[in-house]
Amino acid sequence: MNMNMGNVRLPNTGPVWALAKVAILGGAGLYAAVNSLYNVEGGHRAIVFNRIVGIKEKVYPEGTHLMIPWFDRPIIFDVRARPHVVESTSGSRDLQMVKIGLRVLTRPMADRLPTIYRALGLNYNDRVLPSIIHETLKAVVAQYNASQLITQREVVSREIRRILTERAANFHIALDDVSIINLTFGKEFTAAIEAKQVAAQEAERAKFIVEKAEQDKKSAIVRAQGEAKSAQLIGEAIANNPAFIALRRIEASREIANTVASSANRIFLSSDALLLNLQDVDIDDIASPPSTPRK
């Protein structure tokens, strides 16, 4: 049977089909436009996983970057320093149990992000830091006595930082700071420290009492010497001038009279008891110069 190809009619390719093609092409273009861009925020870096070649070695900085939709998938890393607190219980050289709290600031090495992702993934800190910190703390604390951990805290901190920095560098992790934030000892050692402090305070107190007694002794000696010298001078003054006693009596009477006059109370006492009776004082003895002994 012969078929006339000129009589075959093609489907109608009118406006509906044209709109369908435009919609398909527009949707594909919109999907490609939306999924071909990604942003890297400040303090972050990105690496790209390709379905054909795997993880690319290039590290993408901050900004907007292109990628092939479906074939490429960006992986974002936070490269800012982040704090991590780890506590570990270790034994010192004198067999005392010590609980140390360590705070470290870590960040990934930006140029080694592809290697970090292949080996450790995004949670690299949780996989690496606890193990190396516990091991480092146990190794360092075992080199010192419990008392040295207190008195040489800065030295211990530097040693821990040095070892941790070397260990973390093997995993391409940088340590910006290492600090000991907590140092706790066992109950027995804490009680021994308190007893030692009390004994030291008691010793200082006893030393102070001894020094005070020595000073009091010296003061008594000086005071006795001064009183003896004063008595000697008074005796010499009386021997040279008998009127010295009368002069001192007049001075004492003047002081007593001033005190009684300035007092608000009114009392009546004997003038002899208050040394105010000066009628029996021989004025001639006071006015006359002392007699010089004849040679």
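Everything discussed here concerns the structure shown above.
Our subject in this report is the structure included herewith.

**Concerning the sheet that holds strand E3 (residues 54-55)**
Paired through their backbone hydrogen bonds, the strands of a sheet run either parallel or antiparallel.
Alright, step 1. Read across the sheet, three strands follow the order E3-E2-E5 without closing on themselves; strand pairing throughout is antiparallel. With partners counted over all chains shown, the strands left at the sheet margins are E3 and strand E5 (72-78), one partner each.
Alright, step 2. For strand E2 (residues 44-50) and E3, the ladder comprises two bridges, and the chain directions are antiparallel. Bridge pairing in E3 places Asn50 opposite Gly54.

**Quick word on the layout of surface pockets**
Alright, step 1. Approximately 170 Å³ is the volume found for the largest pocket.
Alright, step 2. Contributing to the lining of the largest pocket are Ser147, Ile150, Thr151, Phe189, Ala192, Ile193, Lys196 and Gln197.
Alright, step 3. The element best represented in the lining of the largest pocket is helix H6 (residues 187-240), accounting for five residues.
Alright, step 4. The residue inventory of the lining of the largest pocket, partitioned by class, reads four nonpolar, three polar and one charged.

**Considering empty space enclosed by the protein**
Alright, step 1. Taken as a whole and judged by the stated rule, the model has one cavity of 30 Å³ or more.
Alright, step 2. Counted as a void, the largest cavity has a volume near 30 Å³.
Alright, step 3. Residue lining of the largest cavity: Ile100, Leu149, Arg153, Val156, Ile180 and Leu183, and that is the complete set.
Alright, step 4. Breaking the lining of the largest cavity down by element, the ones donating at least two residues are helix H5 (153-169) and strand E8 (173-185).
Alright, step 5. For the lining of the largest cavity, the residue count by class is five nonpolar, no polar and one charged.

**Some remarks on a nonpolar patch on the surface**
Alright, step 1. Together, Tyr31, Ile52, Val53, Ile68, Trp70 and Phe71 make up a nonpolar patch on the protein surface, roughly 690 Å² of accessible area in all.
Alright, step 2. Residue classification places Phe71 among the partly exposed residues on the basis of a relative accessible area of 32%.

The rules behind these values
Residues numbered from 1 in each chain as written. Predicted model: local features only at pLDDT ≥ 70, side-chain atom pairs only at ≥ 80, totals over all residues. Heavy atoms only, no water. Pairing = 2+ DSSP bridges. Helix = DSSP H or I, 4+ residues; strand = E, 2+ residues; numbered from the N terminus. 1 Å grid on protein atoms, 1.4 Å probe; cavity = no way out; pocket = protein on both sides within 12 Å on 5 of 7 lines; lining within 4 Å. Points joined across faces, edges and corners; volume = space filled by probe spheres on them. Nonpolar A, V, L, I, M, F, W, Y, C, P; charged D, E, K, R; others polar. Patch = residues over 30% accessible without salt bridge, like charges linked within 9 Å, V, L, I, M, F, W, Y side chains within 5 Å. Areas by Shrake-Rupley, 256 points an atom, 1.4 Å probe, with all protein chains shown as cover. Salt bridge = Lys/Arg side-chain N within 4 Å of Asp/Glu carboxyl O. Buried < 20%, exposed > 50% of the residue type's maximum accessible area, 1.4 Å probe, protein only.

Such coordinate-based values are descriptive only and should not be taken to indicate function.
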